[in-house]
Amino acid sequence: MKTFCKPKDVNIESTEFNMVAVHLGFAGKVHQKKEFRELLISTGMITSRELAEEKANNSYAKILPAIDSVAEELTQRIRDRDLRLKPVHTFQRRDGMSQKLRTINSESPEQQLFEYIAHHALQPLFRAKILPCQCGSIPGRGQIGGKRQIERILRKRFHCENLDEVKCDVRHAYQSVTVECVMMLLRRDIGKNKPLLWFVGAVMSNYPDGCLMIGGYLPTWLFNYVMSYVLRYLLSLYKSRRGVRHNMVWAVVCYADDFSMYGKWSNLRRAIKNTTAWAKETLGLEIKGLWDISYISSFEKEKEMYSKRKKGSLERTPGVDMVGFVVRRTYTIIRAGIFIHLRRQILRGQRDLDTLGYIPWWRAYKICSHYGWLKNTDSQKFRIRYKVKQIKLNLALP
């Protein structure tokens, strides 16, 4: 069996190897986060006044050597097999979009840097195991990448009329992935690199309740790594008829713990039942039994519905509701809940322009956070009706 992250290529006891990850962990945090500034000052190589001066002069003459000193100290802790991690602070926060109460974890800067080192060391494994259909928390993919994959499936790959889609998700995704489950898979895939196995296990030993935590850098990659096994099993299911192999699932798009499958409904039902039992028994993941089923309309039905809508009908064909978009064969729109928030902020921004002559910075932040959905959908009529161009010029959006 092939293993990854071999000791000759991945040496976490080398300062030179860890230096790249530590510098990446400090990127964008030196002047924005107080705890990272305090960590640099504790090295004795830079003072708070010198930090302020370098920020004003856009200079890193003393910051970079201080970061190198932090990298050396963290590497020495790894060599000593004593990370000296501080407890993780846990708090609850209301999700602004879904209004769900989520448990968030805040880590010390040292633990965050250790997670960057672990991610850097596990990169060969992640590149090999995480599938192209996984989009969540992966640079260069995200929601836009997931939307494009769904559009490619509906509009280019499968032109058949009988195309069905089933969307499922994992119950309490991060809380269901235990440290033992992750270490079991890591021992299977990187068994030869004993220092790396110890290091990843030591970092995760500080996670509350012994499971992946929300808000960490490494847990997002580890969850995608565990989820890749579920998706790989799902895509491997097939049935044989007259000696010919037929895949039950034709394609999959996954965003974090949500995944969308494409094929024929009779095959998808069998596939998801088998995958649910396998994931629960092997990995401890519970896939919800409440599935979202869509019977995708053909291009001809989409054209007929388009003619009806031009005559005033409000009816739409079934679409794939995922990653904040609703994708159909011929066009893509914004999910209803997000559209309501976007429309409300656009109207309030227009009101601010009319009354104040400008848009306050806090309102601009809200509009910018929603603008990506508008930019990547077929919303020309909305742009014209609500004068989005005027608001965009005042926000200097691309």
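The structure this text deals with has already been given above.
Overview of the structure. None of the values given here were measured: they were computed from a predicted structure.

## Some words on the overall build of the protein chain
- When helices and strands are tallied, the protein chain shows 16 helices and 11 strands.
- Overall, the protein chain is about 75 × 70 × 35 Å in size when its C-alpha atoms are taken along their principal axes.
- Taking the intrachain contacts of the protein chain between residues at least 6 apart in sequence as the baseline, contacts between residues at least 24 apart amount to 69%.
- Surface summary for the protein chain: the accessible area is close to 20,800 Å², and the carbon and sulfur share equals 51%.
- Averaging the coordinates of the 68 positive side-chain charges in the protein chain and doing the same for the 38 negative ones gives two points 9 Å apart.

## Concerning unusual backbone geometry
- A positive phi is found at Cys-5, a non-glycine position, where the angle reads about 55°.
- Along the polypeptide, Cys-5 turns up in the segment before α1 (15–26).
- One non-glycine residue, Ala-256, lies in the positive phi region at around 60°.

## Some thoughts on the side chain of Thr-332
- The topology assignment puts Thr-332 in strand β11 (residues 332–334).
- Here Arg-155 takes part through its side chain, which lies 2.8 Å from a polar atom of the side chain of Thr-332.

## What to know about the pattern of salt bridges
- On inspection of all chains with the given rule, the structure shows 15 salt bridges.
- Its salt-bridge partner being Glu-13, residue Arg-81 comes within 2.8 Å of it at the nearest N-O pair. Placement of the pair is Arg-81 in the loop between α4 (63–80) and β1 (89–94) and Glu-13 in the segment before α1, with a sequence separation of 68 residues.
- Through salt bridges with shared partners, one network takes in Lys-129, Arg-188 and Asp-189.

## Some points on the pairing of β1
- Little of β1 is tucked away, with zero of its six residues classed as buried.
- By the bridge criterion, six bridges tie β1 to strand β2 (residues 101–106) in an arrangement that is antiparallel. Counterpart to Arg-94 in the pairing with β2 is Leu-101.

## Focus: the pairing of strand β5 (residues 244–247)
- Bridge analysis of strand β4 (residues 238–241) against β5 gives four bridges, and the strand direction is antiparallel. Bridge pairing in β5 links Lys-239 to His-246.

## Side note on the nonpolar core
- Counting residues in each nonpolar core, the largest one holds 84 residues, and the members touching the most others are Leu-122 and Phe-259.
- By residue number, the principal contributor to this core is helix α10 (residues 217–236), which donates 11 residues.
- Phe-158, Tyr-262, Leu-353 and Ile-359 belong to the second-largest nonpolar core, a separate cluster that totals 30 residues.

## A few points about the environment of Thr-377
- Relative to the elements of secondary structure, Thr-377 occurs in the loop between α14 (361–375) and α15 (380–385).
- In this structure Thr-377 comes out as buried when scored by relative accessible area, which is 7%.
- Between the alpha carbons of Thr-377 and Met-248 there is a distance of 31 Å; along the sequence they are 129 residues apart.
- Excluding its chain neighbours within four sequence positions, the residues that come into contact with Thr-377 are Phe-325, Thr-332, Ile-333 and Ile-334.
- Within the structure, Thr-377 has its side chain in polar contact with the backbone oxygen of Trp-373 (distance 2.8 Å).
- A polar contact of 2.8 Å, which involves the side chain of Thr-377, links it to the side chain of Ser-379.

## Section: the environment of Arg-335
- Within the secondary structure layout, Arg-335 lies in the loop between β11 and α13 (336–356).
- Using a relative accessible area of 28% as the deciding quantity, one classes Arg-335 as partly exposed.
- In this structure, the C-alpha to C-alpha distance between Arg-335 and Arg-152, residues 183 residues apart in sequence, is 19 Å.
- Here Arg-335 is in contact with Lys-167, Asp-321, Met-322, Val-323, Gly-324, Phe-325 and Val-326, once residues within four sequence places are set aside.

Procedures and definitions
- Residues numbered from 1 in each chain as written.
- Predicted model: local features only at pLDDT ≥ 70, side-chain atom pairs only at ≥ 80, totals over all residues.
- Heavy atoms only, no water.
- Helix = DSSP H or I, 4+ residues; strand = E, 2+ residues; numbered from the N terminus.
- Contact = heavy atoms within 4.5 Å.
- Areas by Shrake-Rupley, 256 points an atom, 1.4 Å probe, with all protein chains shown as cover.
- Lys, Arg positive; Asp, Glu negative; His and termini not counted.
- Charge placed at Lys NZ, Arg CZ, Asp CG, Glu CD.
- Polar contact = N/O pair within 3.5 Å; in protein donor to acceptor, adjacent residues only side chain to side chain.
- Salt bridge = Lys/Arg side-chain N within 4 Å of Asp/Glu carboxyl O.
- Buried < 20%, exposed > 50% of the residue type's maximum accessible area, 1.4 Å probe, protein only.
- Pairing = 2+ DSSP bridges.
- Core = buried A, V, L, I, M, F, W, Y, C linked by side-chain atoms within 4.5 Å.

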